[in-house]
Amino acid sequence: MLSPGRALAQLVSRTLDCDPSLQLVHLNKAPCTGVNERTFLAIKPDGVQRHLIGEIIRRFEKKGFKLVGMKLMQASEDLLKEHYIALYDRPFYSHLVKYMSSGPVIAMVWQGLDVVKTARAMIGETNPADSRPGTIRGDFCIEVSKNVIHGSDSIESAQREISLWFHADELMCWADSTEHWIYE
Ligand code: DAT
Ligand code: MG
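Below is a summary of the structure that appears in this document. Predicted, not measured: the structure shown is a model, and the values here were computed from it. Throughout, residues of each chain are indexed from 1 in the direction in which the sequence is written. For this description, chains carry letters from A and ligands carry numbers from 1, given in the order in which they are written. Only residues with pLDDT of 70 or above have their local features reported here, since the model is predicted, and side-chain atom pairs are shown and tallied only from 80 upward, although totals for entire chains, interfaces and linings are computed over all residues. No hydrogens and no water enter the side-chain calculation; it runs on all heavy atoms of the structure.

**Here we look at helix α5 (residues 93-100)**
Here is the rule we go by: Each residue gets one of three labels from its accessible area relative to the maximum for its type: buried under 20%, exposed over 50%, partly exposed in between, using a 1.4 Å probe on protein chains only. Going along the chain from the N terminus, every DSSP run of H or I of four or more residues is numbered as a helix, and every run of E of two or more is numbered as a strand. Summarising the geometry, the arc corresponds to the directions from the helix axis toward the C-beta atoms. Two residues qualify as a contact provided that any one of their heavy atoms is within 4.5 Å of a heavy atom in the partner residue.
Taken as a whole, α5 has its buried residues at Y93, L96, V97, Y99 and M100. On an axial view of α5, the arc spanned by its buried residues comes to 165 degrees, and they lie on one face. Looking at the buried residues of α5, the elements they touch are α2 (45-49), α4 (77-83) and β3 (105-111).

Below, the structure written as structure tokens:
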């Protein structure tokens with residue numbers, strides 16, 4: 001039997017957890033932070049072709065993060081131009097957009113404490129040659145232009161990218177029964 005305080009805490013936590021609408025929560029309109037922080041990850045066309053989907057998902061799942069959105073899709077050039085808009089003046093921009101739209105990708109939203117920063121650490125550096133063994137790019141790829149996975153680089157980028165790739169109703173709300181073994 002839960003104490004009233006604990007029951008209320010669980011209810012609040014579920015309410016916060018279960019608002020998929022662009023990172024806003026019902027109660028106080030605060031951004032999703034703490035255990036409700038979200039990031040956007042995408043397994044790129046080379047990662048899909050090289051059968052790395054299971055391996056990559058396994059790492060985030062085993063870490064303890066919660067998968068709240070996922071789809072296999074072929075992204076349009078328009079979507080990718082927008083996604084990579086900050087790089088539009090870089091010489092590799094059009095090649096990047098073409099490569100990313102060349103085949104299916106796995107678009108995902110993962111949730112958890114410090115998930116943006118931790119996912120970037122798990123992914124490794126932009127150039128696989130600079131990525132340590134044990135990271136995804138350190139273990140599974142060689143060239144910067146085929147680096148198998150995307151991860152948002154900040155909470156603000158994550159919010160922008162999640163709203164670009166997902167409709168609010170594509171993000172799932174679910175109670176993870178292991179959560180009390182992962183968080184205090
Ligand atoms: P990251 O994906 O680590 O956030 P980024 O945002 O700087 O890196 O660049 C986006 C992607 O663009 C990157 O994953 C691979 C490609 N890219 C970056 N620098 C490149 C380069 N010098 N030559 C070719 N592709 C590059
Ligand atoms: Mg980036």
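**So, the site of ligand 1**
We apply this condition: In this text, near means that some heavy atom of the residue lies within 4 Å of the molecule or strand in question. A 3.5 Å cut-off defines polar contacts: any pair of N or O atoms within that distance qualifies, except that in protein one atom must be a possible hydrogen donor and the other a possible acceptor, and neighbouring residues in sequence count only when both atoms are side-chain atoms. We get accessible surface area from the Shrake-Rupley algorithm with a probe of 1.4 Å; when it comes to residues, only the shown protein chains can shield them. Here a cavity denotes grid points, spaced 1 Å and computed from the protein atoms alone, that fit a 1.4 Å probe unable to get out, and a pocket denotes an open set having protein on both sides within 12 Å along at least 5 of 7 lines; residues with an atom within 4 Å of a point are the lining. Each molecule is assigned to a cavity or pocket provided more than half of its atoms lie within 2 Å of the corresponding grid points. Only Asp, Glu, Lys and Arg are considered charged, only Ala, Val, Leu, Ile, Met, Phe, Trp, Tyr, Cys and Pro nonpolar, and every remaining residue, Gly among them, polar.
Lining the immediate environment of ligand 1, one finds K44, Y84, L87, F92, L96, R120, T126, R137, V144 and N147. Residue R120 places a side-chain N or O atom 2.7 Å away from an oxygen atom belonging to ligand 1. In this structure, an oxygen atom belonging to ligand 1 sits 2.6 Å away from a side-chain N or O atom of T126. Burial of ligand 1 by the protein amounts to 75% of the accessible area it has alone, namely 520 Å². Judged by the fraction of its atoms near the pocket grid, ligand 1 is located in the largest pocket. Taken together, the residues of the shell around ligand 1 sort by class into five nonpolar, two polar and three charged.

**Some details on the packing of aromatic side chains**
Centre distance and the angle of the planes are the two values used to describe a pair of aromatic rings. Heads up, the condition is: Centre distance within 6.5 Å is the pairing criterion for rings of Phe, Tyr and Trp, where only the six-membered ring of Trp is used; planes under 30 degrees apart are then read as stacked, over 60 as edge-to-face, and the remainder as tilted. By definition here, charges over rings are those cases where NZ of Lys or CZ of Arg is within 6 Å of the ring centre and within 35 degrees of the ring normal.
For the structure on display, the rule yields three aromatic pairs. Note on F40 and F166: the rings are 6.4 Å apart at their centroids and 70 degrees apart in plane angle, and the pair reads as edge-to-face. One end of the pair, F40, is in strand β1 (residues 38-43); the other, F166, is in the loop between α8 (155-165) and α9 (179-182), with 126 residues separating them in the sequence. Here the two residues F40 and F166 agree in accessibility, since each one is buried. Seen in terms of ring centroids, F60 and W110 are 5.8 Å apart; in terms of plane orientation they differ by 40 degrees. Their pairing is tilted. Here the residue F60 occupies a position in helix α3 (residues 53-63), and W110 occupies one in strand β3, the gap between them amounting to 50 residues. Judged by its relative accessible area of 0%, F60 falls in the buried class. Cluster of aromatic residues (ring-pair linked, three or more members): F40, W165 and F166. One residue, K71, lies across the ring of F166, its end atom 4.6 Å from the ring centre. Directly above the aromatic system of Y99 lies the positively charged group of K146, at a separation of 5.1 Å from the ring centroid.

**A look at the pairing of β1**
Cut-off, in case you're wondering: Whether two strands pair depends on DSSP finding at least two bridges between them.
Among the six residues of β1, six are classified as buried, and the element is accordingly described as predominantly covered. Of the two faces of β1, both are covered, the one formed by R38, F40 and A42 as well as the one formed by T39, L41 and I43. When β1 meets β3, the two strands line up antiparallel, connected through six bridges. Looking across to β3, one finds that F40 is bridged to V109. Where β1 and strand β4 (residues 149-151) come together, three bridges link them in antiparallel fashion. Looking across to β4, one finds that A42 is bridged to H150.

**Side note on unusual backbone geometry**
Notably, H51 is not glycine yet its phi reads approximately 60 degrees, a positive angle. Residue position: H51 is located in the loop between α2 and α3. Look at V148: it is not a glycine, yet its phi comes out positive at around 60 degrees.

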